[in-house]
Structure formats: C-alpha cells, structure tokens
Amino acid sequence: MPGVETASTDAQIDACYPVMALLRPHLAREEFVARVRGMEAHGYRLAFVADAGGVQAVAGYRITDMLRTGAMLEVDDLVSAEAARSRGFGKMLLDWCMEQARAAGCSVVELDSAV
C-alpha cells in the first residue's frame, strides 16, 4: 500500500495538479505550482498518495492558530482521482492529517473544502 508524502518539489506539486483540478477546475495548470508556492508562505502544504499509476489523492492543509480553537489543522482541499475512489486513499490522507495535528499540538482538525 502506498504512503502519504508531502509535496516539496515543484515536480511533486505539478504531479498533484490533475487530481486537484477535479476539485478546483478553475485552477490553471501553468499557474498551479506558483500558487501553491505562494500559499506556502502562509502555512499551506500539499500531501499526496501516489502509486505506480501516479498521484491518486491530494490534501491541501495548513496548521494555524485561531482564537476560537487554539492550534488547529485545517484541510482546505481533499480529493481522489476518479479511478481511485473507494480505495481508502482519502481515509489515508485524513488519518495522516490527524497524526500531523497531534504532533503539532492541535486541538481541532477541520475540513473546509468549500464545495
């Protein structure tokens, strides 16, 4: 079973685009890496699950501090490739996000995909 990775290179971020575009079709591929890089300055990160067929699922998240919650991990984007749905990749990403939240001392994990 594949594991969760964090997209740290431009190539990894770009490889996430086809799956992310299923959730966010307004995004242009030629601007995607630059948009993600710009959002990283505000804590945004991309996590993904890939197998031999490429990226199968993507989660965009950030750890932030809110007056109402204290430290929290917010999942902004969560999507699986159409052919990869119901194969456990979304759960794998959410479980991974929960682990990241615990490690960072967050009291809340919130999914806010705005769809």
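Residues numbered from 1 in each chain as written. Predicted model: local features only at pLDDT ≥ 70, side-chain atom pairs only at ≥ 80, totals over all residues. Heavy atoms only, no water.

S.K.: Help me get a handle on the overall build of the protein, residues and values and all.
M.R.: If you tally the helices and strands in the protein, you get 3 helices and 5 strands. If you list the helices and strands of the protein from N to C, you get β-α-α-β-β-β-α-β. Relative to the 2.2 N^0.38 estimate, which gives 13 Å for 115 residues, the radius of gyration of the protein is 14 Å and therefore close to what a compact globule would have. Considering the protein as a whole, with its 115 residues, one finds that 41% of them fall into the buried category. For the protein, the share of sequence-separated contacts (at least 6 apart) that also reach a separation of at least 24 residues comes to 59%. On the protein, roughly 6200 Å² of surface is accessible, and the fraction owed to carbon and sulfur atoms is 53%. Positive and negative side-chain charges of the protein, numbering 11 and 16 respectively, have mean locations separated by a distance of 2 Å. (Helix = DSSP H or I, 4+ residues; strand = E, 2+ residues; numbered from the N terminus. Rg over C-alpha atoms; globule rule 2.2 N^0.38 Å. Buried < 20%, exposed > 50% of the residue type's maximum accessible area, 1.4 Å probe, protein only. Contact = heavy atoms within 4.5 Å. Areas by Shrake-Rupley, 256 points an atom, 1.4 Å probe, with all protein chains shown as cover. Lys, Arg positive; Asp, Glu negative; His and termini not counted. Charge placed at Lys NZ, Arg CZ, Asp CG, Glu CD.)

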